Amino acid sequence: TSAIEEQTATKAELEQAVKGHAADKASAEKDLEKATMLREKEQAEFEATVASTEASIKSLGGAIASLDKGASSAMLMQTPDASRLKAMIETSPMLSSFSKDRVIAFLSGTDSEASGSGSSGEVLGILKQMYDDMGKTLEDAKKAEEVATTGYADLKSAKDKEIETAAETIEAKE
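We now turn to the structure provided with this report. Since the model is a prediction, treat every value here as computed from it, not as a measurement. (Residues numbered from 1 in each chain as written. Predicted model: local features only at pLDDT ≥ 70, side-chain atom pairs only at ≥ 80, totals over all residues. Heavy atoms only, no water.)

A closer look at the overall build of the protein chain
Next, step 1: Across its full length, the protein chain carries five helices and zero strands.
Next, step 2: In sequence order, the secondary structure elements of the protein chain are arranged as α-α-α-α-α.
Next, step 3: Against the compact-globule benchmark of 16 Å for 174 residues, the protein chain has a radius of gyration of 30 Å, which places it well outside the compact range.
Next, step 4: Along the first, second and third principal axes, the C-alpha atoms of the protein chain reach 105 × 25 × 20 Å.
Next, step 5: Counting all 174 residues of the protein chain, 27% fall into the buried class.
Next, step 6: Total accessible area computed for the protein chain in this model is approximately 10900 Å², and 54% of it derives from carbon and sulfur atoms.
Next, step 7: Charge separation in the protein chain, taken as the distance between the mean sites of 21 positive and 33 negative side-chain charges, equals 4 Å. (Helix = DSSP H or I, 4+ residues; strand = E, 2+ residues; numbered from the N terminus. Rg over C-alpha atoms; globule rule 2.2 N^0.38 Å. Buried < 20%, exposed > 50% of the residue type's maximum accessible area, 1.4 Å probe, protein only. Areas by Shrake-Rupley, 256 points an atom, 1.4 Å probe, with all protein chains shown as cover. Lys, Arg positive; Asp, Glu negative; His and termini not counted. Charge placed at Lys NZ, Arg CZ, Asp CG, Glu CD.)

Here's the deal with the nonpolar core
Next, step 1: Within the largest apolar cluster, 24 residues are counted, with the highest numbers of intra-cluster contacts made by Leu60, Leu67, Leu85, Ile89, Val103, Leu127 and Met130.
Next, step 2: When contributions to this core are tallied by element, the ones reaching two or more residues are helix 1 (2–68), helix 3 (82–91), helix 4 (97–108) and helix 5 (117–173).
Next, step 3: If you tally residues by element for this core, the top one is helix 5, at eight residues.
Next, step 4: If you look at the next biggest cluster of nonpolar residues, it comprises five residues, including Leu32, Ala35, Tyr152 and Ile163. (Core = buried A, V, L, I, M, F, W, Y, C linked by side-chain atoms within 4.5 Å.)

Digging into the pattern of salt bridges
Next, step 1: Per the stated rule, a full pass over the model turns up 13 salt bridges.
Next, step 2: A salt bridge links glutamate 45 to lysine 41, with the nearest nitrogen and oxygen atoms 3.9 Å apart. One end of the pair is glutamate 45 and the other is lysine 41, both in helix 1 and four residues apart, which spans about a single turn.
Next, step 3: For the salt bridge of glutamate 162 with lysine 159, the shortest nitrogen-to-oxygen distance reads 3.4 Å. Taken together, the residues span about one helical turn, with glutamate 162 and lysine 159 both in helix 5 at a distance of three residues.
Next, step 4: What emerges from the salt-bridge pattern is a single network uniting Asp31, Lys159 and Glu162. (Salt bridge = Lys/Arg side-chain N within 4 Å of Asp/Glu carboxyl O.)

A few points about helix 1
Next, step 1: With 67 residues, helix 1 should cover 99 Å at 1.5 Å per step; its first-to-last C-alpha distance of 96 Å lies within 8% of that length.
Next, step 2: Following helix 1 by one or two positions, glycine 70 has its phi on the positive side, about 95°. (Expected span 1.5 Å × (residues − 1).)

Here's the deal with the packing of helix 1 against helix 3
Next, step 1: Where helix 1 contacts helix 3, the axes come no closer than 10 Å and their chain directions differ by 110°. As judged from the angle between their axes, helix 1 and helix 3 are roughly perpendicular. Here Ser52, Ala55, Ser56, Ser59, Leu60 and Ala63 of helix 1 come into contact with helix 3, specifically with Arg84, Leu85 and Met88.
Next, step 2: Residues belonging to the contact of helix 1 with helix 3 are distributed by class as follows: five nonpolar, three polar and one charged. (Axes fitted to C-alpha atoms, helices over the stretch in contact; angles between N-to-C directions. Parallel < 35°, antiparallel > 145°, perpendicular 65-115°, else oblique. Contact = heavy atoms within 4.5 Å. Nonpolar A, V, L, I, M, F, W, Y, C, P; charged D, E, K, R; others polar.)

A look at the environment of glycine 135
Next, step 1: As for its placement among the helices and strands, glycine 135 is situated in helix 5.
Next, step 2: Its relative accessible area of 28% is what places glycine 135 among the partly exposed residues.

Some words on helix 3
Next, step 1: Three or more residues of helix 3 are buried, namely Ala82, Leu85, Met88 and Ile89. On an axial view of helix 3, the arc spanned by its buried residues comes to 130°, and they lie on one face. Set apart from the buried face of helix 3 by more than 90 degrees, the exposed residues are Ser83 and Thr91. (Arc of directions from axis to C-beta.)

A few points about the environment of isoleucine 163
Next, step 1: Summarising the element assignment, isoleucine 163 is placed in helix 5.
Next, step 2: When the C-alpha positions of isoleucine 163 and glutamate 29 are compared, they lie 6.8 Å apart, and in sequence the two are 134 residues distant.
Next, step 3: The residues contacting isoleucine 163, other than those within four sequence positions of it, are Lys25, Ala28, Glu29 and Leu32.

Some words on the packing of helix 3 against helix 4
Next, step 1: It is the contact of helix 3 with helix 4, at a shortest axis distance of 9 Å, that shows an interaxial angle of 160°. Comparing their axes, helix 4 and helix 3 come out roughly antiparallel. The two elements helix 3 and helix 4 meet at a crossing, and its hand is left-handed. Packed against helix 3, whose contacting residues are Leu85, Lys86, Ile89, Glu90 and Thr91, the element helix 4 presents Lys100, Val103, Ile104, Leu107 and Ser108 at the interface.
Next, step 2: Of the residues assigned to the contact of helix 3 with helix 4, the class counts are five nonpolar, two polar and three charged. (Left-handed = near helix turned anticlockwise from the far one by under 90°.)

Here you go:
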């Protein structure tokens, strides 16, 4: 009877251990699933940000090149990217209200002082600074994406090992 009691106790311990490992495995799988969903969302946001920022940089680059060549605000507003440029200026968090107003007035040709040749240099300076800031923002976003990608890969590897270990332990104890 003592041997039977001992075997019964051992069996109960093993069953309890299997339940614990099964719970650990399920938890690791759930954690990995959540991390994967979050990573996919982050990656989609990154890709959208990169696409938008690159298009904005291209638009700004075209405007800067045109102004460098002596284009007037009227000529600049005839370009295919004119509406995008104006919308970008109006919504940019990188510009002060004063700078936005100066550039919009120049582009619209509504302010005689802002549309004069002297202010095109000021507007050109504002656009160049915005171009540089967007380039830095894009570079920072790419670096952050690299860190996030590496972090996710490390987490996935650890969770995969955790899941594999739990599965092997369950199999060994069953």
